[in-house]
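# Close look at the chain arrangement
Listed below, chain by chain, are the residues.
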Amino acid sequence: MTKMNEAKILILATDGYERSELRVPLEQLRAKGATVKIASLKKEPIKSWDDKNWGDTVDVDLLVGDAKVDDFDAIVLPGGQINPDILRTDQAAVKLVRDFVASGKVVAAVCHAPWLLVEADALRGRKATSYHSIKTDVKNAGAQWVDEAVVTDKGIITSRNPGDLNAFVAKIVEEIGEGRHERRAA
């Protein structure tokens, strides 16, 4: 079991992340005492997508290739169409997600971010949700897709959209408190 004030959480994102889907978990998890770091494909600040246009930026703490699963209790994957589409084509990003899944640590993906779980082959035989437009992708990856605000399958958390963020963050807190999850191979 990990207490939130001792938790170390990694957010994996790049340009085009949905602003609220990074900012809400970042701010709420930090407010609960967690140490939250952002990993990306480049060391410069990354730009959000906010209300159908480019938004503000957030600083990056480390490169994807420098992120180590052993240094964190959980990984959070914000959505937006652009961000996960870019990340799922990067071998280091997909490997990092795969390694988190294999570790039994908490993996949380919202909106379009389950595309990374699809690419990492982490959804086969699991219950999951996502933004409705990638429902078929999630189902084709072998998941049982459901239309619920938050779905958890052995520490893998998925959520649909920005309207579900409070429930998404609450579930991240709960799952981190439970510690590592035994997972069958996906």
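From a predicted model like this one, the values you see are computed outputs, not experimental measurements.

Scanning the protein from N- to C-terminus turns up six helices and 12 strands. The C-alpha atoms of the protein give a radius of gyration of 14 Å, which matches the 16 Å a tight globule of 186 residues would have. Seen through its C-alpha atoms, the protein measures out along the principal axes to roughly 35 × 35 × 30 Å. Residue burial in the protein is summarised as follows: out of 186 residues, 52% are buried. Within the protein, residue pairs in contact and separated by at least 24 positions form 67% of the contacts whose partners lie at least 6 positions apart. Total accessible area on the protein is roughly 8,300 Å²; 44% of this is exposed by carbon and sulfur atoms. Taken as two groups, the 27 positive and 29 negative side-chain charges of the protein have centres that lie 3 Å from each other.

Per the UniProt record, "domain: DJ-1/PfpI" (unreviewed entry) is annotated on residues 8–175. Helix makes up 33% of residues 8–175 and strand makes up 27%, while its end C-alpha atoms are separated by 13 Å.

Attention now moves to the environment of lysine 171. Turning to its location among the elements, lysine 171 is positioned in helix H6 (residues 165–178). For the pair formed by lysine 171 and isoleucine 86, sequence separation is 85 residues and the distance between their alpha carbons is 26 Å. If we ignore the near neighbours within four places in the chain, the residues touching lysine 171 are Val150, Thr152 and Ile157. At 3.2 Å, the side chain of lysine 171 forms a polar contact with the side chain of glutamate 174.

Before going further, it helps to examine the sheet that holds strand E2 (residues 17–18). Spatially, three strands are ordered E2-E4-E5 in an open sheet, and the strand pairing comes out mixed. The strands lining the two open edges of the sheet, one partner per strand, are E2 and strand E5 (54–58). Bridging between E2 and strand E4 (residues 46–49) involves two bridges; their strand directions are parallel. From the neighbouring strand, glutamate 18 faces E4, where its bridge partner is tryptophan 49.

Bringing the packing of aromatic side chains into the picture now. Enumeration over the complete set of coordinates arrives at one aromatic pair. Consider the rings of tryptophan 49 and tryptophan 54, whose centres lie 5.0 Å apart with planes at 85°: the pair is edge-to-face. Judged by its relative accessible area of 27%, tryptophan 49 falls in the partly exposed class. For tryptophan 54, a relative accessible area of 42% corresponds to the partly exposed category. When the ring centre of tryptophan 115 is taken as reference, the NZ or CZ atom of arginine 88 above it lies at 4.1 Å.

So, how was this worked out
Residues numbered from 1 in each chain as written. Predicted model: local features only at pLDDT ≥ 70, side-chain atom pairs only at ≥ 80, totals over all residues. Heavy atoms only, no water. Helix = DSSP H or I, 4+ residues; strand = E, 2+ residues; numbered from the N terminus. Rg over C-alpha atoms; globule rule 2.2 N^0.38 Å. Buried < 20%, exposed > 50% of the residue type's maximum accessible area, 1.4 Å probe, protein only. Contact = heavy atoms within 4.5 Å. Areas by Shrake-Rupley, 256 points an atom, 1.4 Å probe, with all protein chains shown as cover. Lys, Arg positive; Asp, Glu negative; His and termini not counted. Charge placed at Lys NZ, Arg CZ, Asp CG, Glu CD. UniProt positions renumbered as here; feature names shortened; annotations may be inferred. Polar contact = N/O pair within 3.5 Å; in protein donor to acceptor, adjacent residues only side chain to side chain. Pairing = 2+ DSSP bridges. Phe/Tyr/Trp six-rings, centres within 6.5 Å; stacked < 30°, edge-to-face > 60°. Lys NZ or Arg CZ within 6 Å of the ring centre and 35° of its normal.

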